[in-house]
Amino acid sequence: MRSTALCAATIAAGMGCAAHAQLVVGNDQSAATNAMYYIDLGTGTATSILSGAAAQAWGMAYAGSTNTLYWNNGGVLREASFSQSGLTPSAGVQLTFNGASMNVTGMAWWNNRLVGYRSITLPGIYEIDPLTGVTTLLAATPAATDFGGLDSDGARLYGLNDGTGLQGRGLYSIDTGSNSYSLLAPYPAGDTDIDGLAIGNGRAYWVNDVGSQDILVYNLTTNMFEASISSPFGTGGIFSAGAFIPTPGAAAILGLGGVAMLRRRR
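These lines cover the structure that appears in this document, whether it is placed above or below. (Residues numbered from 1 in each chain as written. Predicted model: local features only at pLDDT ≥ 70, side-chain atom pairs only at ≥ 80, totals over all residues. Heavy atoms only, no water.)

Digging into the pattern of salt bridges
Logical step 1: Counting across every chain of the model gives 2 salt bridges.
Logical step 2: Its salt-bridge partner being glutamate 127, residue arginine 113 comes within 3.3 Å of it at the nearest N-O pair. Here arginine 113 is found in strand 11 (residues 113–118), whereas its partner glutamate 127 is found in strand 12 (residues 124–128), with 14 residues between them in sequence.
Logical step 3: The exposure class of glutamate 127 is partly exposed, given its relative accessible area of 29%.
Logical step 4: A salt bridge links glutamate 226 to arginine 203, with the shortest nitrogen-to-oxygen separation between them at 2.8 Å. Taken together, the residues glutamate 226 in strand 21 (residues 224–229) and arginine 203 in strand 19 (residues 203–207) connect sequence positions 23 residues apart. (Salt bridge = Lys/Arg side-chain N within 4 Å of Asp/Glu carboxyl O. Helix = DSSP H or I, 4+ residues; strand = E, 2+ residues; numbered from the N terminus. Buried < 20%, exposed > 50% of the residue type's maximum accessible area, 1.4 Å probe, protein only.)

If you want it as structure tokens, here you go:
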């Protein structure tokens, strides 16, 4: 019990106990070969956690409070409890807007709600009811922008713009209240299409949909790129998605530590 409590205290202090944060990534390559992966950010090792048609992903978001991973393939929204040993996906619900079917190309868990970006018909940021799939427009996005990569650090919303509007292609912070967009970093030379974004650990992970292109890592504090991560995708897709998963098991270990301390007091 003493070691468990010590490990809990270590995690609470922001240290490791040999557990690493993870990145979950997916794309929409062919259903026959498609897979969703988690990448251990401490070792760089990628492991498949879901395969087949259900693993196809255009957008992805993680709700830490319920340990729920959300993703969509076109207009179908799925969810599953995150586990390193694999995912058991829901059957899925159809996304709708004003009673009509719709889709999103990026998703984020932002201010305790699920939001997505739609690139056609009425481009903008939408709130999504994960139970019904019903969406509500929060903010129409500016002309010639395409925020297919979308994610949040919980409070702040970020997007990767593939379009030529605003200040061009790059990573932006987004304020839907004032409908303002601040460029944080332009795309690297030669890259014009990055469809997946995950935010966590003070970094933005830019997930390309093509397996031959690395996942870029941008430090939001130093405003510099760090060493990139090899992509696990076997083939390319049209869309890609990513979500940041904090250190696995931290909450459970903290809970065990609390139990241990209670037992010592008795």
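A few points about empty space enclosed by the protein
Logical step 1: Scanning all chains against the criterion turns up 1 cavity of 30 Å³ or more.
Logical step 2: Its boundaries defined by the atoms lining it, the largest cavity holds a volume of some 30 Å³.
Logical step 3: Lining the largest cavity are 14 residues; nearest its centre among them are Met60, Leu150, Leu197, Ala241 and Gly242.
Logical step 4: Residue assignment for the lining of the largest cavity shows that the elements contributing at least two residues are strand 4 (59–63), strand 10 (106–110), strand 14 (149–152), strand 18 (196–200) and strand 22 (240–245).
Logical step 5: Taken together, the residues of the lining of the largest cavity sort by class into 6 nonpolar, 7 polar and 1 charged. (1 Å grid on protein atoms, 1.4 Å probe; cavity = no way out; pocket = protein on both sides within 12 Å on 5 of 7 lines; lining within 4 Å. Points joined across faces, edges and corners; volume = space filled by probe spheres on them. Nonpolar A, V, L, I, M, F, W, Y, C, P; charged D, E, K, R; others polar.)

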